[in-house]
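Survey of secondary and tertiary structure
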Amino acid sequence: MLDLLYSLTSFLPESLQTIIIILVKIAVLLIPLLLGVAYLTYAERKIIGYMQVRIGPNRVGPRGWLQPIADAVKLMFKEIVIPNFANKFLFLLAPVLSIGTALAAWAVVPFNAELVLADVNAGLLYILAMTSVGVYGVIIAGWASNSKYAMLSALRASAQIVSYEIAMGFALVGVLMASRSLNLGDIVIGQSGGIYHWYLLPLFPLFVVYFISGVAETNRAPFDVAEGESEIVAGFHVEYSGMAFSIFFLAEYANMILISMLASLMFLGGWLSPFEGIEIIQNSSLAFIGTASIGWLLAKAAFLLLLFLWFRATFPRYRYDQIMRLGWKVFIPITIVWIFVIGLMYYWQIGPWFTH
Amino acid sequence: MAEIRNYTMNFGPQHPAAHGVLRLVLELNGEVVQRADPHIGLLHRATEKLAESKPFNQSIGYMDRLDYVSMMCNEHAYVMTIEKLLGITVPVRAQYIRVMFDEITRILNHLMWIGAHGLDIGAMTIFLYAFREREDLMDVYEAVSGARMHATYYRPGGVYRDLPELMPQYQASKWHTQAEVNKLNENRQGSLLDFLDDFTQRFDTYVDEYETLLTENRIWKQRTVDIGIITPERAIALGFTGPMLRGSGVEWDLRKKQPYEVYDKMDFDIPVGVNGDCYDRYLVRMEEMRQSNRIIKQCIRWLRDNPGSVMLEDHKLTPPSREHMKEDMESLIHHFKLFTEGYSVPEGQAYAAVEHPKGEFGTYIISEGANKPYRLKIRAPGFVHLSALHEMVEGHMLADVVAVIGTQDIVFGEVDR
């Protein structure tokens, strides 16, 4: 593929060629991602619909499959209303900041051993940095809207995300200790050797903390206080309309997919098969389910995304101070204790994970 | 240094959790509520004044529109007041029908409440579950009165007509094939009572379903336990009634304390709370749904065995049958007089109250002997509860305001009248 691109663009000067190839790579990553986001909204409406004994969208196209397209078209044609006395520059910057970081984080996400846009050694740090900057989108949007509801939401979001970043960061420290690498590809390779080698087992509390913090980071129910519909209407994006609003929406869903992807990469063995190394399967015609493939990664991420939707259909919303209490008094102590436990496991070289 | 002021926020009238048109001016210190000032009147329709210019019967329809989630209970209080002034008692079968529909209405109201309360606190699914059951009860409303909400089914002297022998059925259409429709019609083959009987068999498991979603849910408990506590003494002093009062542990229910219609023949319990917080009121209302179901079962049993008249035979007050009108001059005159001029009510005043799903709902009528009330006063429980909003939310957080509005079960139709 890449060779073909190089030969096609070989008449261009080298610098231009590089740029074009980078752009093509970005397009190849982002177009499926944005389609994934669009159909995640459809999946959400359908799945939650069935959980709530109703049908969900079924009017646009066969079985409603074109619903996300119709939504996108509708939002694109809507006017972007800028409220009076709002800071116009920041008001328009905020959605850009949200989507920019949400998409940029995907640069270092590997899809299999070779397929990664940028094989950065500090991938984990890069992702932490990107998701943290994304929060500024929410905060700036809340402040720039010149609305009291949005302002409250910005305050809630900043407090919530600061506290959950810490828990999340500590959870990642555990992964770092287990894999001795910040490169996401290496983290996955460190888990190869069958389902018992996945970090899910030794790092189970960290997995739970990471995933719940991820739900909180993406402002999803039951942690959606920043947009808590029944309290502060829609929170930070209450004044946004049209495409500006839908960009926040895209960013939220892109982040959901990102969190699920990362959780599967770091704890569930990424693209590795859970049946790896089982001889009966490897010798049968079902050998393909025992081999690592991108399908496994997507399946694991899809399962975690289902959990996102399931939470939303099941749980009531936390109150803002309860979220803070959960973050500071439960999650952070758990992660700290478990990091200590990992240290001990590392010292005594326990299990298949810490032998080296 | 700049002066530090509280953050004043308009909560409503256009707000997803305002339950209609509540405008709440909140003074917040951070997220902590310092003062909550409910502004009412955005749904004022002058029901009391309108009633002064209409014959008695023509105001029954307005009563439906007061608390528009418990329609027939509103009618009941109004109709009972007129009956008290006229000094009439309605046939026993009509009394049973009224009791049955009061309890259906209570379930309807509480289902609406659990849905809205859940949604306010962020539990979406319960809302749609509750509406699934509401649909069946709405069909029952429609079967007896022709209207799904604003029934105007109770009349002075009884109820408009007897329960139908056939439950209306779904028809096949472009969207629903005959097979689908047959499935939907499975429990609609018999009479209305058969359909209701089937519903009462199912309903307890539905309530269990709601409870599995909420009762032991940690988040639900964190959001409702110790929120909006009202002590029994304060609850009485503030004039609370209904589940708001019983949630605080005061055992007061008009159905037991001053039984009207045939409630004294019914076997049911009055659930009371202990702590007077949102969670206790939640539990009280959940149990009330089960108790209402019990009452409906008893009514169904009695109504099956005891056919009879459902309307007083005094045609000065109640319309004659259509057949009589065709051949009997006097019936025709009765009909004409009744639907143009109405009937005159003896001079005097009366107050009658029912145990409405939200509390004590009463109407007070002063009659000067004319065919219209001189004055009608409506005692709406929601108004009393709303006036205690500040006391209930002071010192709580913004998200708790929503929980308290939900637990008060406010409907602006009756608050603003």
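Structure shown above.
Residues numbered from 1 in each chain as written. Chains lettered and ligands numbered in written order. Predicted model: local features only at pLDDT ≥ 70, side-chain atom pairs only at ≥ 80, totals over all residues. Heavy atoms only, no water.

**Notes on the overall build of chain A**
Helix and strand counts for chain A come out as 13 helices and zero strands. Helices and strands in chain A line up, N terminus first, as α-α-α-α-α-α-α-α-α-α-α-α-α. Summarising its shape, the C-alpha atoms of chain A cover approximately 65 × 60 × 45 Å along the three principal directions. Within chain A, the fraction of its 356 residues that count as buried is 49%. Within chain A, contacts between residues at least 6 apart in sequence are counted, and of these 75% link residues at least 24 apart. Accessible area for chain A stands at about 16,400 Å²; split by element, carbon and sulfur atoms hold 72% of it. Here chain A holds 19 positive side-chain charges and 19 negative ones, and the gap between their average locations is 11 Å. (Helix = DSSP H or I, 4+ residues; strand = E, 2+ residues; numbered from the N terminus. Buried < 20%, exposed > 50% of the residue type's maximum accessible area, 1.4 Å probe, protein only. Contact = heavy atoms within 4.5 Å. Areas by Shrake-Rupley, 256 points an atom, 1.4 Å probe, with all protein chains shown as cover. Lys, Arg positive; Asp, Glu negative; His and termini not counted. Charge placed at Lys NZ, Arg CZ, Asp CG, Glu CD.)

**Points about the layout of surface pockets**
All names here are of chain A. Of the pockets and cavities examined, the second largest pocket occupies roughly 820 Å³. Around the second largest pocket, the lining comprises 24 residues; the ones closest to its centre are Val28, Leu29, Pro32, Phe111 and Leu115. Those elements that place two or more of their residues in the lining of the second largest pocket are helix 1 (2-8), helix 2 (14-51), helix 10 (242-266) and helix 12 (294-314). For the lining of the second largest pocket, the element with the highest residue contribution is helix 2, accounting for eight residues. A breakdown of the residues in the lining of the second largest pocket according to their chemical character gives 21 nonpolar, one polar and two charged. (1 Å grid on protein atoms, 1.4 Å probe; cavity = no way out; pocket = protein on both sides within 12 Å on 5 of 7 lines; lining within 4 Å. Points joined across faces, edges and corners; volume = space filled by probe spheres on them. Nonpolar A, V, L, I, M, F, W, Y, C, P; charged D, E, K, R; others polar.)

**Observations concerning the environment of Pro357 of chain B**
All names here are of chain B. Inspection of the secondary structure puts Pro357 in the loop between strand 6 (348-356) and strand 7 (359-367). It is 36 Å that separates the C-alpha atoms of Pro357 and Ala172, two residues lying 185 residues apart in sequence. The contact partners of Pro357, leaving out residues within four places of it in the chain, are Ser70, Cys73, Thr105, Arg106, Asn109, His110 and Pro243.

**Here we look at the pattern of salt bridges**
Residues and elements named next belong to chain B. A complete count under the given rule lists 43 salt bridges over all chains for this structure. Arg35 is paired through a salt bridge with Asp37; the nearest N and O atoms lie 3.6 Å apart. With a relative accessible area of 34%, Arg35 lands in the partly exposed category. A relative accessible area of 27% means that Asp37 is categorised as partly exposed. With a shortest N-O distance of 3.9 Å, Arg188 and Asp136 are connected by a salt bridge. Placement of Arg188 in the loop between helix 6 (178-184) and helix 7 (192-214) and of Asp136 in helix 5 (residues 125-145) is noted, with a sequence separation of 52 residues between them. Both residues of the pair, Arg188 and Asp136, count as buried. Here the residues in one salt-bridge network are Glu135, Asp136, Asp139, Glu142, Arg148, Arg188, Asp198 and Arg202, joined through shared partners. (Salt bridge = Lys/Arg side-chain N within 4 Å of Asp/Glu carboxyl O.)

**Looking at the packing of aromatic side chains**
What describes a pair of aromatic rings is the distance from one ring centre to the other and the angle between the planes of the rings. Across all of its chains, the model carries 30 aromatic pairs over all chains by this definition. Centroid distance Tyr240 of chain A to Phe248 of chain A: 4.9 Å. Interplanar angle 80°. Geometry classified as edge-to-face. Across the pair, Phe248 of chain A and Tyr240 of chain A agree in class, each one buried. What links up through ring pairs into an aromatic cluster is the set Phe204, Phe207, Tyr210, Phe211, Phe267, Phe308, Phe311 and Phe315 of chain A. Here the guanidinium or amino end of Arg134 of chain B rests over the ring plane of Phe131 of chain B, the centre of that ring lying 5.1 Å away. (Phe/Tyr/Trp six-rings, centres within 6.5 Å; stacked < 30°, edge-to-face > 60°. Lys NZ or Arg CZ within 6 Å of the ring centre and 35° of its normal.)

**Overview of empty space enclosed by the protein**
Residues and elements named next belong to chain A. Counted according to the given criterion, the structure contains two cavities of 30 Å³ or more. Estimates place the volume of the largest cavity at around 270 Å³. Looking at the largest cavity, it is lined by 19 residues, and the ones nearest its centre are Gly134, Val138, Glu217, Thr218 and Asn255. Contributing elements (two or more residues each) for the lining of the largest cavity: helix 4 (88-104), helix 5 (123-144) and helix 10. Of the residues that constitute the lining of the largest cavity, the class distribution is nine nonpolar, seven polar and three charged. Taken together, Leu124, Ile127, Leu128, Thr131, Met168, Leu172, Tyr210, Ile259, Leu262 and Met266 make up the lining of the second largest cavity. For the lining of the second largest cavity, the elements supplying multiple residues, two or more each, are helix 5, helix 6 (148-179) and helix 10. If you tally residues by element for the lining of the second largest cavity, the top one is helix 5, at four residues. Per-class residue counts for the lining of the second largest cavity are nine nonpolar, one polar and no charged.

Without other data, these values stay purely geometric and don't point to any function.
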